[in-house]
Every structure is written in structure tokens, then in C-alpha cells.
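These are the residues of each chain, in order.
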Amino acid sequence: QVEVVESGGGLVQPGGSLTLSCKGSRLSLEYYNIGWFRQAPGKEREGVSCISSVGNTTYYDHSVKGRFTISRDNAKNLVYLQMNSLKPEDTAVYFCAADPLRVSLFTSDYKFWGQGTQVTVSS
């Protein structure tokens with residue numbers, strides 16, 4: 001069983017937009033810091049963005065800053081990643097992860113992981 005579930009991936013043209021969702025399946029996300037990560041074929045998993053449990057702290061990797069926005073709705077037990085101006089290099093499997101203590105872009109700081117959703121940016 002997984003504690004968080006990602007959705008919203010798909011195929012989009014360059015310059016397009018997608019919104020990913022992370023839902024707590026066995027977790028109440030309001031108590032957790034959430035990170036979004038991605039892994040392209042043949043590459044290591046990398047941090048994209050993260051948000052603190054109450055939403056007052058956010059971080060972005062330089063490669064997505066200004067294009068991606070992370071937000072959360074704790075009443076709905078959801079965290080979102082709005083992705084605009086998508087580029088082919090954004091193609092990857094996107095994962096959300098939860099941790100009660102740490103908010104960072106490091107994979108090693110997160111305790112609970114989803115199974116990922118595929119995002120493909122191609123014309």
C-alpha cells in the first residue's frame with residue numbers, strides 16, 4: 001500500500017500546461033511537508049518543488065522556477081503542482097513524497113513516496 005497517490009500526468013505539447021495532484025491515501029497531508037520529484041530515463045531522481053505542511057514555505061529547483069507553482073488544500077487532503085510553459089526536458093515520471101519533519105528538495109529527506117505519474121512533453 002502507498003501513502004500518497006499522484007495523478008494528472010499525460011502527454012502535452014511544448015509550451016503547454018498540466019496540473020499534477022498528490023492525494024493522501026493513508027496520510028492526512030496537513031501534518032506533512034510535501035515534495036515533488038521527477039526522474040527521467042537514465043537519470044537520478046531530482047527535486048522539483050516542495051511545500052511545508054501549513055503552506056508558508058516553498059522551494060523550487062532553478063530549472064522550474066517561474067514556470068511551476070506548488071500549492072496545497074489541506075481540507076481536501078491534496079497538494080498540487082501547476083506546470084506551465086512545459087519543455088521537452090520536463091519529460092519524466094513525477095513523484096510526490098511526504099515527511100513530517102523535513103521540507104527540502106532532497107530525496108533522502110522524505111519518508112513516504114507515491115508510485116509516480118508520467119509526464120511527456122512532445123510535439
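### A few points about the pattern of salt bridges
Thinking step 1. By the definition in use, this model includes five salt bridges.
Thinking step 2. With its nearest N and O atoms 2.9 Å apart, the salt bridge here joins R38 to D90. Of this pair, R38 sits in strand β4 (residues 33–39) while D90 sits in the loop between β8 (78–83) and β9 (92–99); the two residues are 52 residues apart in sequence, bridging distant segments of the chain. Both residues of the pair, R38 and D90, belong to the buried class.
Thinking step 3. The closest approach of N and O atoms between R102 and D109, which form a salt bridge, is 3.8 Å.
Thinking step 4. For D109, a relative accessible area of 17% translates into the label buried.
Thinking step 5. Among the charged side chains, a salt-bridge network with shared partners connects R38, E46, R67 and D90.

### What to know about the sheet that holds strand β7 (residues 68–73)
Thinking step 1. Strand order in the open sheet formed by four strands is β1-β3-β8-β7, and the pairing between neighbours is antiparallel. Each end of this open sheet is capped by a strand with a single partner; those strands are β1 (4–7) and β7. Neighbour to neighbour, the strand axes of the sheet diverge by 15° on average, direction disregarded.

### Digging into the state of the cysteines
Thinking step 1. Applying the stated criterion to the full structure yields one disulfide.
Thinking step 2. Sulfur-sulfur distance for the disulfide between C22 and C96 comes to 2.1 Å. The S-S bond linking C22 to C96 shows a torsion near 65°; that makes this disulfide right-handed. Residue C22 is located in strand β3 (residues 18–24), and its partner C96 is located in strand β9; the two are separated by 74 residues in the primary sequence.
Thinking step 3. The class of C96 is buried, set by a relative accessible area of 0%.
Thinking step 4. Distance from the sulfur of C50, which forms no disulfide, to the nearest cysteine sulfur (C22) is 13 Å.
Thinking step 5. Under the relative-accessibility criterion, C50 is labelled buried at 0%.

### Quick notes on the side chain of D109
Thinking step 1. If you trace the backbone, D109 turns up in the loop between β9 and β10 (112–113).
Thinking step 2. Other than its neighbours up to four places away in sequence, D109 contacts D99, R102 and S104.

### Section: unusual backbone geometry
Thinking step 1. With phi around 60°, N77 is a residue other than glycine that occupies positive phi space.
Thinking step 2. Relative to the helices and strands, N77 is located in the loop between β7 and β8.
Thinking step 3. Positive phi outside glycine occurs at S85, with the angle close to 50°.
Thinking step 4. Tracing the backbone through its elements, the reader meets S85 in the loop between β8 and β9.

Cut-offs and rules
- Residues numbered from 1 in each chain as written.
- Predicted model: local features only at pLDDT ≥ 70, side-chain atom pairs only at ≥ 80, totals over all residues.
- Heavy atoms only, no water.
- Salt bridge = Lys/Arg side-chain N within 4 Å of Asp/Glu carboxyl O.
- Helix = DSSP H or I, 4+ residues; strand = E, 2+ residues; numbered from the N terminus.
- Buried < 20%, exposed > 50% of the residue type's maximum accessible area, 1.4 Å probe, protein only.
- Pairing = 2+ DSSP bridges.
- Axes fitted to C-alpha atoms, helices over the stretch in contact; angles between N-to-C directions.
- Disulfide = S-S within 2.5 Å.
- Contact = heavy atoms within 4.5 Å.

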